[in-house]
Amino acid sequence: MKILSIQSAVAYGHVGNSAAVFPLQRIGVEVLPVYTVNFSNHTGYGAWRGPLIDPADVREVITGIEERGVFGQIDAVLSGYQGGEGIGDVIIDAVARVKAANPNAVYACDPVMGNAKSGCFVAPAIPILLRERVVPVADIITPNQFELGFLTETEPDTLESTLDSVDLARAMGPRTVLVTSVERPDREEETIEMLAVDDEGAWLVQTPHLPMKANGSGDVTAALFTAHYVETGSAQTALERTASSVYDLLQATLDSGERELQLIEAQEFYAHPRMQFTARQVR
């Protein structure tokens, strides 16, 4: 499997491609990483150095890859945090060119905007761009519950309202939706859930909620789910594998006492998921 991953990069820590590439490689995926920013560290520290990469330069890198004749071998395009407005057009164009070379390729978009606790943390134009132009051309999207609400102009909280919001999102274009960080009021205490929906049904997986904030965990989640879904065609299997791997990554990070994801230390959990969580069909 080959994935063209168009995301941010940091030298220190693990977010964007710096979070997604290694887990994908560890499960046997050939990754073609294209960087949209090249920062010293993620912006959650409040200070960082390095450039936003000009969209024209990002486009040039993608064109260079195309000139090597590999677009027909790419199974999926993956995108995440978009540092500036112009990157959206570059990604949309890249998706169209990949799909022209390989009609079976899919586009997986992680519509990074923010979360319920922090609110929106991207430039004001980005959420509108995602909703109006990027998400409609995606095959798979992986929003958290907050981002799902913005995309669909709803306020999902219960399982039923979240499913309704997913239906609205799927009507925009993507057939497969993974909702991360589902926090419904009637769930068991100290748990958190993920919901995966495609044409075959809807599946919900529940894991213990770990008391931590982990920048980059959503990037790992989107990457692993995309790869497992493309490989198996099963939303349930992809959800169970992803939940297992990401939970163990987070537990290893919590146990370490470090702020940054213990991405390398947890590598066996990607290659050999323990499959300790079972997703139940809810529709």
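Residues numbered from 1 in each chain as written. Predicted model: local features only at pLDDT ≥ 70, side-chain atom pairs only at ≥ 80, totals over all residues. Heavy atoms only, no water.

Time to look at the overall build of the chain. For the chain, the count of helices and strands is nine helices and 11 strands. Relative to the compact-globule value of 19 Å for 283 residues, the chain shows a C-alpha radius of gyration of 17 Å, a close match. In the chain, which comprises 283 residues, the share counted as buried stands at 53%. Restricting the contact set of the chain to residue pairs at least 6 apart, pairs at least 24 apart contribute 66%. When the accessible surface of the chain is split by element, carbon and sulfur atoms take 49% of a total near 12,100 Å². Positive and negative side-chain charges in the chain, numbering 20 and 38 respectively, have mean positions lying 2 Å apart. (Helix = DSSP H or I, 4+ residues; strand = E, 2+ residues; numbered from the N terminus. Rg over C-alpha atoms; globule rule 2.2 N^0.38 Å. Buried < 20%, exposed > 50% of the residue type's maximum accessible area, 1.4 Å probe, protein only. Contact = heavy atoms within 4.5 Å. Areas by Shrake-Rupley, 256 points an atom, 1.4 Å probe, with all protein chains shown as cover. Lys, Arg positive; Asp, Glu negative; His and termini not counted. Charge placed at Lys NZ, Arg CZ, Asp CG, Glu CD.)

This brings us to the packing of helix α7 (residues 217-232) against helix α8 (residues 235-256). Look at α7 against α8: their axes get within 8 Å of each other, and the N-to-C directions meet at 150°. It follows that α7 is roughly antiparallel to α8 by the angle criterion. The way α7 lies across α8 gives a crossing that is right-handed. Where α7 approaches α8, its residues Ser 217, Val 220, Thr 221, Leu 224, Phe 225, His 228, Tyr 229, Glu 231 and Thr 232 are matched on the opposing element by Ala 235, Thr 237, Ala 238, Leu 239, Arg 241, Thr 242, Ser 245, Val 246, Leu 249 and Leu 250. (Axes fitted to C-alpha atoms, helices over the stretch in contact; angles between N-to-C directions. Parallel < 35°, antiparallel > 145°, perpendicular 65-115°, else oblique. Left-handed = near helix turned anticlockwise from the far one by under 90°.)

Here Gly 80 lies in the loop between β3 (76-79) and α3 (86-101). Sequence spacing of Gly 80 and Val 112 is 32 residues, and the spatial spacing of their C-alpha atoms is 6.1 Å. Among residues more than four places away in sequence, those in contact with Gly 80 are Ile 6, Gln 7, Asp 110 and Val 112.

Time to look at the pairing of strand β4 (residues 106-109). Pairing of β3 with β4 involves four bridges; the strand directions are parallel. Bridge pairing in β4 places Ser 79 opposite Cys 109. Handedness of the β-α-β unit built from β3, α3 and β4 comes out right-handed. Direction of pairing for β4 relative to strand β7 (residues 140-141): parallel, over a ladder of two bridges. Paired with Ala 108 across the bridge in β7 is Ile 140. (Pairing = 2+ DSSP bridges. Right-handed = clockwise from strand over helix to strand, strands pointing away.)

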